[in-house]
Amino acid sequence: MISWADVNEKDWFFNEVMEASNYLMADGEPFIQGIAYGSFESNAPYLYEEQKGSTGQKVFTLAAKLTPGADNPLFVYIDGTQTLFKEIRPNQTDPNKTDVELYYAPSANSVVAFSSFGKPALDRFGKPIPPNSSSFAYPNKRLDNGDTYFYNPFSRQFNEYLYAYGRSLKRIDVPEEEWKSTPAQDLAKKYIGLKQDVYMVSPAPSATIYLPYNLNGVQVRFIYNSYENGALFMRGGYFSVKSPGVWRNDRFFPNAYINRAEAFLLIDRLRRSFYQRFTDSQPPTQRLDESHMAYEGQRVFRLNGTYPAGKKLLTVKVDGKVVNSSDYQEFDDHTVLFNMPLEAGKNVHFLYVKETSTRFEDVGREKYMYNSNTGEKIALNGGMTGSKPSWWAPSVLSMEDERFGNGDYLVEGIAINNFVDGAAVVNHMYEVSSSNAEEKEKWFMPYSLLTRAQAVSFLNRFRKWSLERFK
């Protein structure tokens, strides 16, 4: 079950957010995911630090400058039990450190843990500011017996165990060929990602364990096998490792503004889930790729996906051979009518890949918007080709032809009639600015923000469309 550091039972949106967060898609991924972040406000960093107490020690020095408050409290634990602290103050010799004084000195060798969630640095839209990621790395440690590390995934006799926060974590087995050809941190990003309950270990002779971001600086217990002088030994113990920087993904950011690209990406995920749950057909996407087995005398083929009828962009093959466009009619955007009936058992294949929108000028094309307050020209990143294809355009291309029974489109665009060098003019909140020009273009405008009224209006349109489509 997903939980968020910034969503609790007293919030008015708690039930809706938690239900949506724990709704799983067909691929097993949650419908709602957090926003990764890694930079914090000054005096309010994320903190998790463990120290061992000595006899009579009441004052502990933290390696960060910290000013806790009601919205960012400091938690102190002694051997896992929460306790109160007497005072927190700047360190007298180092202003970048903080002293915490307890009411009573813990027993010698007790583990004293200090934890603070911190305050992520946010932009004017309430979203986390991207940090300098050059120092980011997954917490990792070379094993003390890494030269003789041994692991056999096919034998229960040689299992290994990693415990953190009182629970066992799951090992991810990475093919040895990838360890040889790919940097370890890239593999950690690929296999661990933002998961919190997995780990991975590189093979001997320099075996290194890689941990998820939530175990940065946290004491863990790792038990593993070591093959020494022809015999196996159980090795390991307690340790903690700290990376200079990690990406975190444990916040929902409920007060952040959502833009049209993010909203429609979520709706597209839900649309695809409904098709998979309530129909026997695949959800229409920007790629129409369907095969049909003809029955005797069949002339009409109704496709699940859509294509631009009459534009001659649809490729039709019968038993692997391309059919001349004069031998069939593109009756409408999802129906093909052959001139002559087909024989039974013929394999008819239809292919159309949509890379540019037929309705929106900025989908599938490189367009810009112009911030009239700052003079900044901002790329909308709608192109489908190049080194970084658009992350949002495929969802719009997949949904733009979905219609209601009366012919209205599910996805509506925004009329643009004010341009600077071809860029749509907006203000500092990315609201579209109009002019007296009569000529208008329809744009999707992915980074325009949604008000509550707009969000509710579209959700209700999607609700009505879903009832029509899946009833």
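Residues numbered from 1 in each chain as written. Predicted model: local features only at pLDDT ≥ 70, side-chain atom pairs only at ≥ 80, totals over all residues. Heavy atoms only, no water.

### What about the overall build of the protein?
Counting its secondary structure elements, the protein contains 6 helices and 29 strands. Reported as C-alpha extents along the three principal axes, the dimensions of the protein are approximately 90 × 65 × 40 Å. Classification of the 471 residues of the protein by burial places 42% in the buried group. Relative to all contacts within the protein whose residues are 6 or more apart in sequence, the contacts with residues 24 or more apart total 66%. Counting every atom, the protein has about 26200 Å² of accessible surface; 49% of that belongs to carbon and sulfur. (Helix = DSSP H or I, 4+ residues; strand = E, 2+ residues; numbered from the N terminus. Buried < 20%, exposed > 50% of the residue type's maximum accessible area, 1.4 Å probe, protein only. Contact = heavy atoms within 4.5 Å. Areas by Shrake-Rupley, 256 points an atom, 1.4 Å probe, with all protein chains shown as cover.)

### Some points on the sheet that holds strand 20 (residues 321-322)
One open sheet holds the 4 strands; their spatial order is 17-23-19-20, and the pairing between them is antiparallel. Among the strands making up the open sheet, the edge pair consists of strand 17 (287-293) and strand 20. (Pairing = 2+ DSSP bridges.)

### Quick look at helix 3 (residues 184-191)
If you check which residues of helix 3 are buried, you get Leu187, Ala188 and Tyr191. Taken end-on, helix 3 shows its buried residues confined to a sector of 100°, consistent with a single buried face. Residues of helix 3 that are exposed and point more than 90 degrees away from the buried face comprise Lys189 and Lys190. Tucked into the core, helix 3 has its buried residues touching helix 2 (176-181) and strand 13 (198-201). (Arc of directions from axis to C-beta.)

### Thoughts on the side chain of Asn417
In this structure, Asn417 sits in the loop between strand 26 (414-416) and strand 27 (419-420). Residue classification places Asn417 among the buried residues on the basis of a relative accessible area of 11%. A distance of 2.9 Å separates the side chain of Asn417 from the backbone oxygen of Ala437, its partner in a polar contact. Excluding residues within four positions of it along the chain, Asn417 makes contact with Ser433, Ser434, Ser435, Ala437, Glu439 and Lys440. (Polar contact = N/O pair within 3.5 Å; in protein donor to acceptor, adjacent residues only side chain to side chain.)

### Description of the domain arrangement of the protein
Assigned domains of the protein: these are domain 1 (1-33), domain 2 (40-119), domain 3 (140-249), domain 4 (260-266 + 357-470) and domain 5 (287-353). Summarising the inter-unit geometry, the C-alpha centres of domain 1 and domain 4 are found 27 Å apart. (Domains from an automatic or database assignment.)

### Some points on the pattern of salt bridges
Applying the stated criterion to the full structure yields 19 salt bridges. Its salt-bridge partner being Lys141, residue Asp144 comes within 3.7 Å of it at the nearest N-O pair. Here Lys141 falls in the partly exposed class, since its relative accessible area comes to 24%. Across the salt bridge formed by Glu400 and Lys354, the nearest N and O atoms sit 3.1 Å from each other. One end of the pair, Glu400, is in the loop between helix 5 (393-399) and strand 26; the other, Lys354, is in the loop between strand 23 (347-353) and strand 24 (368-371), with 46 residues separating them in the sequence. In terms of burial, Glu400 and Lys354 fall into one category: buried. The structure contains a network of salt bridges with shared partners spanning Asp268, Arg271, Arg272 and Glu402. (Salt bridge = Lys/Arg side-chain N within 4 Å of Asp/Glu carboxyl O.)

### Some words on the layout of surface pockets
To locate leftover empty space, one rolls a probe as large as a water molecule over the atoms. Computed from the structure, the second largest pocket encloses a volume of approximately 1100 Å³. Ser3, Leu194, Gln196, Tyr213 and Asn249 are, among the 29 residues lining the second largest pocket, the residues nearest its centre. Looking at the lining of the second largest pocket residue by residue, the class counts come to 15 nonpolar, 8 polar and 6 charged. (1 Å grid on protein atoms, 1.4 Å probe; cavity = no way out; pocket = protein on both sides within 12 Å on 5 of 7 lines; lining within 4 Å. Points joined across faces, edges and corners; volume = space filled by probe spheres on them. Nonpolar A, V, L, I, M, F, W, Y, C, P; charged D, E, K, R; others polar.)

### Structural notes on the nonpolar core
The tendency in soluble globular proteins is for nonpolar side chains to be buried as a group. Judged by nonpolar contacts, the single largest core of 40 residues is most densely connected at Val363, Met369, Trp392, Phe444 and Met445. Counting only elements with at least two residues in this core, the list comes to helix 4 (260-278), helix 5, strand 28 (423-426) and helix 6 (452-470). It is helix 4 that contributes the most residues to this core, 7 residues altogether. Discounting residues that sit within four places of it in the chain, Trp392 has contacts with Ala261, Asp362, Val363, Leu380, Asn381, Gly382, Phe444, Pro446 and Tyr447. Counting 19 residues, the second largest nonpolar core, distinct from the first, contains Leu143, Ala207, Ile209 and Phe222. (Core = buried A, V, L, I, M, F, W, Y, C linked by side-chain atoms within 4.5 Å.)

### What to know about the sheet that holds strand 25 (residues 377-379)
Judged by pairing direction, the sheet is mixed, and its 4 strands sit side by side in the order 25-24-28-27 without closing on themselves. Either end of the sheet is taken by a strand with one partner, and the two such strands are strand 25 and strand 27. Bridging between strand 24 and strand 25 involves 3 bridges; their strand directions are antiparallel. Bridge assignment links Tyr370 to a residue of strand 25, and that residue is Lys377.

### Some remarks on the packing of aromatic side chains
Enumeration according to the criterion identifies 33 aromatic pairs in this entry. The residue whose ring lies beneath Lys141 is Phe239, and the NZ or CZ to ring-centre distance is 5.7 Å. Residue placement shows Arg248 over the ring face of Tyr46; its charged tip is 3.8 Å from the ring centre. (Phe/Tyr/Trp six-rings, centres within 6.5 Å; stacked < 30°, edge-to-face > 60°. Lys NZ or Arg CZ within 6 Å of the ring centre and 35° of its normal.)

### Considering the pairing of strand 2 (residues 59-62)
Here strand 2 shows one buried face, formed by Phe60 and Leu62, and one open face, formed by Val59 and Thr61. The sheet contact formed by strand 2 and strand 6 (residues 98-102) spans 4 bridges and is antiparallel. Residue pairing for strand 6: Thr61 is matched across the bridge by Asp99.

### Observations concerning a negative patch on the surface
Among the surface-exposed residues, Glu361, Glu438, Glu439 and Glu441 lie close enough to one another that they form a single negatively charged patch. Examined against the element boundaries, Glu361 turns out to sit in the loop between strand 23 and strand 24. Take Glu361: its relative accessible area is 30%, and that puts it in the partly exposed class. (Patch = residues over 30% accessible without salt bridge, like charges linked within 9 Å, V, L, I, M, F, W, Y side chains within 5 Å. Lys, Arg positive; Asp, Glu negative; His and termini not counted. Charge placed at Lys NZ, Arg CZ, Asp CG, Glu CD.)

### Some points on the environment of Arg469
Within the secondary structure, Arg469 sits in helix 6. Sequence separation of Arg469 and Glu402 is 67 residues, and the distance between their C-alpha atoms is 9.6 Å. When sequence neighbours within four positions are dropped, the list of residues in contact with Arg469 reads Tyr275 and Asn304.

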